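Observations on the model geometry
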Amino acid sequence: MLLRKIILLFSVIFINSTFAQRKKTDTIYVYEKVIVYDTIYLEKAIKLKPAKLMLSSLEIQAKEIKSIPQNTNKEEIEEQLNKISVNKFQYGIHAGIGVKKASWAENLSEKNQQFGQNFGIWISKNIINPNFSLMLSANIYSWNSTFDLDANKEETYLDGFYFSKDNQPLLFQRFNNKHFEYVLQLKALYEWKNLRPFVGFLANKNNCKMQFLVPENNVLNKLDDFKSNQVNFGFSLGLQYRLFNRFLIDVEYQHFKIKNLSLKNSSFDFDIFKTNNTFAERKISLGISYFISK
């Protein structure tokens, strides 16, 4: 009986020691750390310095056109360039000063030269070749007076009665040679380097005015103006010099032949210079022109 209890006791002790040496299963938690990378773009303004634009001049362009391959005919290219320049119109303005001498005024004034200013416009076109051109110009001249004749203040060369073509009496009153002149001119120019000699054909009209007492109701008591209105023809010679590409300075000589210097109004036809009705008018002027066209 005792032995049985001892065997049972050792059995219990053995079984407990066996279970005591077994390891218990633990719960394991696994954590995952995820790192996400992303790319971020930042925009930043950058200051850029403006580049200097190099624009070639007309002369450089002409050289570039002429620097062509050897298999191209240079003469044909130059001929095309000449045609382009020949077909181009140019226009501009002109201003100047000058002196004029008229033979009809020599007996009326001690001053032989009359000073004036002028302003005009012009248009030109190359023909035949780029060096030869025709120019059409229109100018207005303003001439200052060199004498002042007034029969009411003093004795003058022109005092007295005159008669119109229909025998109406006219009594001289006053006259001076301050007047406007209108000139239309056609010039032929040839340009050599910067020099441009020219010759021209021109027409002018002097707007001179003289006052007379004229009859009204058979009584000589009306003051009236008599004006010269005939057109005169002449020629011109001169030389222009190209300055700064767009400017021209010029000196010019003009010569007119005046026939039948007459003074007229709406009611009378009157020639005051009957003894010698052909006169010469000459002037020299210095001016400057500006090319408006490019």
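The protein carries the name Outer membrane protein beta-barrel domain-containing protein in an unreviewed UniProt entry, which gives Chryseobacterium indoltheticum as its organism.

**Topic: the pattern of salt bridges**
Summed over all chains, the structure comprises seven salt bridges. Among the ionic pairs, Glu281 bridges to Lys100, the shortest N-O distance being 3.5 Å. Linking Glu281 in strand S15 (residues 278-291) with Lys100 in strand S1 (residues 89-102), this pair joins segments that are 181 residues apart in sequence. Just as Glu281 is buried, Lys100 falls in that class too.

**Focus on the side chain of Asn177**
With respect to the helices, strands and loops of the structure, Asn177 is situated in the loop between strand S6 (169-176) and strand S7 (179-190). Non-local contacts of Asn177, meaning those with residues more than four positions away in its chain, are made with Trp104, Gln114, Trp143, Asn144, Ser145, Thr146 and Phe147.

**What to know about the pairing of strand S2 (residues 114-127)**
Burial along S2 is one-sided: the residues Gln114, Gly116, Asn118, Gly120, Trp122, Ser124 and Asn126 are buried and none of Phe115, Gln117, Phe119, Ile121, Ile123, Lys125 and Ile127 is. With twelve bridges connecting them, S2 and strand S3 (residues 129-143) associate as antiparallel partners. Paired with Asn126 across the bridge in S3 is Ser133.

**Here's the deal with the pairing of strand S10 (residues 219-227)**
Relative to S10, strand S9 (residues 209-216) is paired through eight bridges, and the arrangement is antiparallel. Considered in S10, the bridge of Leu213 is made with Leu223. With antiparallel pairing between neighbouring strands as the criterion, S9 and S10 make up a hairpin whose turn holds two residues, including Asn217 at a positive phi of roughly 55 degrees.

Conventions and cut-offs
- One numbering rule holds for all chains: residues counted from 1, following each sequence as written.
- Reporting in this predicted model follows two pLDDT cut-offs: at least 70 for local features of residues, and 80 or more for side-chain atom pairs to be given and counted; totals over whole chains, interfaces and linings ignore these cut-offs and use all residues.
- Excluded from the side-chain calculations are hydrogens and water; all other atoms, namely the structure's heavy atoms, are used.
- By definition here, a salt bridge exists when the distance from a side-chain nitrogen of Lys or Arg to a carboxyl oxygen of Asp or Glu is within 4 Å.
- Where helices and strands are cited, they refer to DSSP runs of H or I of at least four residues and of E of at least two residues respectively, numbered from the N terminus.
- Each residue gets one of three labels from its accessible area relative to the maximum for its type: buried under 20%, exposed over 50%, partly exposed in between, using a 1.4 Å probe on protein chains only.
- Should any heavy atoms of two residues lie within 4.5 Å, those residues are considered in contact.
- A pair of strands is treated as paired once DSSP finds two or more bridges between them.

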